[in-house]
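Results of the structural survey
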Amino acid sequence: MEPDNSLTKTQRFFIALVPPPAIQAEANAIRQEFANRFDSHKAFNSPPHVTLQPPFRWPLSEVEQIQQVVRQFAAERSPIPIQFRGFGAFPPRVIYIDVVPSTALQQLKAELSQTLAQQLSIYEKAPHRPFRPHMTVAFRDLTCSAFRQAWPEFEQRTYQADFTAHELTLLIYNQRWETYQTFSFGSG
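The structure reproduced in this document is the subject of the present report. (Residues numbered from 1 in each chain as written. Predicted model: local features only at pLDDT ≥ 70, side-chain atom pairs only at ≥ 80, totals over all residues. Heavy atoms only, no water.)

1. What about the sheet that holds strand β4 (residues 94–99)?
Consider a sheet: its strands pair through backbone hydrogen bonds, and that pairing is either parallel or antiparallel. Here we have four strands laid out as an open sheet, ordered β5-β4-β3-β6, and antiparallel in their pairing. Where the open sheet ends on each side, the last strands, each with one partner, are β5 (134–138) and β6 (160–165). When strand polarity is set aside, the average angle formed by the axes of neighbouring strands in this sheet is 35°. As judged from the five bridges shared by strand β3 (residues 80–90) and β4, these two strands associate in the antiparallel manner. Bridging across to β4, A89 finds its partner in I95. Set on the sheet, helix α1 (residues 21–38) makes contact with β3, β4, β5 and β6; between it and β5 the angle comes to about 35°. (Pairing = 2+ DSSP bridges. Helix = DSSP H or I, 4+ residues; strand = E, 2+ residues; numbered from the N terminus. Axes fitted to C-alpha atoms, helices over the stretch in contact; angles between N-to-C directions. Contact = heavy atoms within 4.5 Å.)

Rendered as structure tokens:
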């Protein structure tokens, strides 16, 4: 008889700031342009977002621990302004909508990483890589030649949007990334 692994089954999660529907629609329109013009579709595997805690594995049976820690963390924070300006790239395959760096955003990211490490032993795989906030519109399925064709255009293209983030979003992977739960800032 096979052991029951349902209690130890891990899922992939990540934590992000998800913009309001109007900005998501604009980002998805740009993603669709990449799909139509450059056959790049993988950015659609998640809702438009700004990653704060990259993907990690966690037992689904113990997700309440994450919820409790993130709920408390969010409750102790204030809403944060986010500004999108233009485009950036991680050559040779990723193009994104750029986020204007801010002290508040850097601090939120650092404090969340520290809280997850201390309270849940969730660590980033590349902790010394600088935080570069962004919202991906063309992902790793963008070929190098398509990148070379698209980047000069998007490097010059303008984009501007602002919003105030009022919550953190915990996403879970189920064939694609989906919202699992949101945690409001300043609610506790």
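2. Here's the deal with unusual backbone geometry
What you tend to see is this: most non-glycine residues have negative phi, and most peptide bonds are trans. In this model, P91 is joined to P92 through a cis peptide bond whose omega is 10°. Along the chain, P92 turns up in the loop between β3 and β4. In the Ramachandran plot, D39 falls in the positive-phi region, its phi being about 55° despite a non-glycine side chain. Mapping D39 onto the fold places it in the loop between α1 and β2 (50–59). The class of D39 is exposed, set by a relative accessible area of 52%. With a phi angle near 55°, S121 is a residue other than glycine that sits in the positive phi range. (Buried < 20%, exposed > 50% of the residue type's maximum accessible area, 1.4 Å probe, protein only.)

3. Description of the environment of E167
Its location among the elements puts E167 in strand β7 (residues 167–173). On the basis of relative accessible area, E167 is assigned to the partly exposed category, the value being 30%. Remark: the alpha-carbon pair of E167 and I80, spanning 87 residues in sequence, is separated by 9.0 Å. When neighbours within four sequence positions are excluded, E167 is seen to be in contact with L17, T182, F183, S184 and F185.

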